[in-house]
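# Report on the structure
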Amino acid sequence: MPFHTDGPEYRVKLIGRDGSLAALAAVLSGSTPQRALLVRGEPGVGKTALLDATAARADSDGAAVYRCVGVETEAGIELSGLHQLLRPVIEHTESLPARSRAVLQDAFDGDSGGSAGRFALANAVLELVSCASFTRSLLLVVDDVQWIDESSVQTLAFVARRIVNPRVSLIGGVRTDAGQHSDAIWDRAGIPLLDIAPLGPGHSEELLAQRALGLSDVVRRRILREAVGNPLALTELPETFASDRGDDDRMENGLLPLTRRLEIVFAGRANALSSGARAVALLCALDQTSSLDTVQRASGEDWWFPDLVEAGEAGILRIKDGHISFRHPLIRSGIVQMATEEQLRRAHGRLADALSDNFELWARHSAAATTGPDATVADALEQLGRQYARRGGTRTSLRTMLRSIELTADQPARERRLAYAALLAADSDRVELTHSLLSRLEDTVPLDDFAGGLGDTLAGAVTAKAGILLRVDGDLQGAYDLLMQAARRQAGPVSAEVDALLHLLLIVCLRAEREDMWQGVDRLLDALGERVPAEIRNTRDGISDPARRAHGLAERLAIALPRPGSLEPWRLVWVYRAGLFIDDLGARRPALRSIIEAEELSGSYDSYLRALGLVVVDCIGSGEWQYARSLAERGLQTALHLDFAEIVSEFRVYLALLDAVTGHIDSSRQNIATVRAWAGPRRMMHLESWALWAEALGFLGEHDYDAAFMATTRISPAGELRRYHPLALSTFFDTALAALHAGDEDAARRHLAAAQQARVGEISPRLGFQVAVIRALLAPAQDAAALFDAALADRDAERWPLDYARAQQEYGEWLRRAKQRTAARSHLRVAADVFERLGAQAWLADARNSLRLVGVQNAHSTSQTAVMLTAQERQIATLAAQGRSNKDIAALLSLSPRTVSSHLYKIFPKLGISSRAALHSALSEMVSQG
């Protein structure tokens, strides 16, 4: 770990080591009677860094610093450590008594290695360091004590115990490796020990972030897990990941690639093992069962247990209750990395034989042991690869399929596997690999020749190629033409590969928002008839023209949606997208989160980002804006790193929406401009629709209602829910409100009429609420209040807090204009409370201004009636404002739920409110009044 100095004033920065540095500084300064300290810890834990930092501090303070470092090859050379440490101060022997000079001369220059005896030598060394400290303080630093020769260790232990001069200090560093006894010599001498533990999770995160900027979350979490707080590992492991794309390919079987230094530190001792012990250690490293029984069976007739004991005594592994573990996770990686290809194949072969009853492990070990085509193993790997894909391991599936291809000689099987691997590669952001696989496939299967119909191989290959055209190139027309040309040749049942092709075709049409494309798809699905899976029809109905096709879709989705694990994650994301425009994503949130977690770790970045985007949209609607922003920024950074231009624009437009509703208009418009610069030339009209919506929300916050109306009506004109523009549903509320506030009541009425004719209110509860609110706003004065009350009585409405608060604001304003100021206050309070919680600054300012207009001079201080609450009423009101139910409040206050309800019935009119939602704001006002 690095340290640094700034000018003459020494300053150290070692993460998580403040306590250790303080202990060493105390020895150095003489503030403790201890004049020596042995720093002990596992390899790479930072002992040398601490010694270096202390030495630098001593040097900065003007002390003389002499040091030696143990070297394993010199451990048998007597007094070599002492020579290295004291050679620079030997000039001070002239000040010593004659006998001491003679002893030191014999030890340093003679051939006898110190024939005067250990005691005499130790005393002479003690006198020498005392003399050397006459002119300035002296620090002796002895690193890697475990490799210092025994004579030197014993001598230095004697010296360390007897130092009394406050100007002399001695610090050492030693590994805690099993089999090392140097620290025991110092321990018996009574030298204090400073044990250095691995860094905790927080400090590990900090160190990794400092030393390795730009790591993907996948690699970062994996490094943190494998390093187990070891600073050297945290510092050097990132060096093995020059890029994040495909990093998981270097983490196969739970192994990490190590630098040469890490390999030596963590697995170097394996070189000293016997050949049998090394073979057994390699079996243990490759075995994923960690079972003693597995290793025994894999060893066969070889005498294995003594070898296992030897590896254990060397500190490489541990055995407990039939379970084998390594002293540190990186030892496994090091042992495998040091093995030859032949040794690896032999070990994998033995493990395959031992695990023949475990299909997955047998297939994996057999694949690693096989050197030529093997139909049995290749077939098993294809089966296993498809299982991995369904379980959410797209990139693991890809690696498995690539190995299956290598072992396949049969041409049809090879073509099928090439196509499926290309589909996986396209979904895993492996663009070059996708092109390579498709190029190999086209040697025998031309991708533009559909004369023989659309088989699974061709369908998979076409989907992979179209996916790259869409995600990387943004070529909607090219992707559409290719997919339609293939789909029209479908004759038999719809297989999984054809299903993927059709789903991607729907996504292309969604991006384009072109009527001719959607009509082509409609004709295609009509021609396929009953062969079209329900998921395809549901997705088409949800994302093409939901205003006319999505009635009852939520119920259909609840019945027909596949369960997680039944399909590959990318298919699940496509299917879940059907609920995007009918406000049905909340029910899919747990499944989407599972996909996000699985795909980020070992699956597909595309599926990960698409699922992340769906959760962002759901969080925007549900008012979880901070969480939505964190997810959107995370998705944006990942997509930027991967150069997924289309998905980059998708997350930018979500951020533009969030900026618009929170009042950060300049940031919103910058994101909108960036999205348009990319999406415009590519005719990505769906992105343009999202950008227009974000733009309209910004204008609404600025009270520029004419501009807001112009923006939303470019998505769908007033009085029309434009076909094949699904955001026509999402922007219905904003279009109608913008028209009303712009003074164009006729346009608002026409838009409401279009929604009612299409029975939009029946599609989802949210749309039903929005239609009810606009209907109330346009109703005759004698009917409006009842319609508002009916709309706001719907408890589901609070699930979409921005819509709910805006409705409360509109009702409050209507009541204010009707001179019903007291009634208006409760609704305006609710609106202000929700806007404040959301962070909707522009709308919050409007609500507070409206409150002032109804007699609340301070938005946080409204009614003098607040002081009329009794102590018990205040308790009940406070608990209710915290979201507690009547039953919970009753239990806390030893009341009945009926009594609580009765109190609340009295509290609401005293505070001038009509619902629990306004309690928080009203109580805040009461507190501000004192």
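Read on for an overview of the structure. (Residues numbered from 1 in each chain as written. Predicted model: local features only at pLDDT ≥ 70, side-chain atom pairs only at ≥ 80, totals over all residues. Heavy atoms only, no water.)

### Quick notes on the nonpolar core
- With 190 residues, the main nonpolar core has Leu501, Leu502, Val521, Phe651, Trp690, Ile774 and Phe835 as its most contacted residues.
- Not counting residues up to four positions away in its chain, the partners in contact with Trp690 are Phe581, Val617, Val653, Tyr654, Leu657 and Leu727.
- Counting 51 residues, the second largest nonpolar core, distinct from the first, contains Leu232, Phe241, Val265 and Leu330. (Core = buried A, V, L, I, M, F, W, Y, C linked by side-chain atoms within 4.5 Å. Buried < 20%, exposed > 50% of the residue type's maximum accessible area, 1.4 Å probe, protein only. Contact = heavy atoms within 4.5 Å.)

### Here's the deal with the sheet that holds strand S7 (residues 193–195)
- Spatially, S4-S5-S6-S3-S7 is the arrangement adopted by the five strands of the open sheet, whose pairing is parallel. The sheet is open, and its two edges are formed by strand S4 (64–69) and S7, each paired on a single side. Adjacent strand axes in the sheet meet at a mean angle of 15°, parallel and antiparallel pairs treated alike.
- By the bridge criterion, three bridges tie strand S3 (residues 36–41) to S7 in an arrangement that is parallel. The residue bridging Leu38 from the neighbouring strand is Leu193, located in S7. (Pairing = 2+ DSSP bridges. Helix = DSSP H or I, 4+ residues; strand = E, 2+ residues; numbered from the N terminus. Axes fitted to C-alpha atoms, helices over the stretch in contact; angles between N-to-C directions.)

### Quick word on a negative patch on the surface
- There is a patch of like negative charges on the surface, built from Glu442, Asp443, Asp448 and Asp449.
- Using a relative accessible area of 61% as the deciding quantity, one classes Asp448 as exposed. (Patch = residues over 30% accessible without salt bridge, like charges linked within 9 Å, V, L, I, M, F, W, Y side chains within 5 Å. Areas by Shrake-Rupley, 256 points an atom, 1.4 Å probe, with all protein chains shown as cover. Salt bridge = Lys/Arg side-chain N within 4 Å of Asp/Glu carboxyl O. Lys, Arg positive; Asp, Glu negative; His and termini not counted. Charge placed at Lys NZ, Arg CZ, Asp CG, Glu CD.)

### Digging into unusual backbone geometry
- In this structure, Val228 takes a positive phi of about 50° despite not being glycine.
- One can find Val228 in the loop between helix H9 (217–227) and helix H10 (231–236).
- Residue classification places Val228 among the partly exposed residues on the basis of a relative accessible area of 41%.
- Despite not being glycine, Ser894 has its phi angle at roughly 60°, a positive value.
- Here Ser894 is to be found in the loop between helix H46 (886–893) and helix H47 (897–911).

### Remarks on the environment of Ser594
- Note on placement: Ser594 falls in helix H30 (residues 589–602).
- Considering only alpha carbons, one finds Ser594 and Ala611, 17 residues apart in sequence, at a separation of 9.4 Å.

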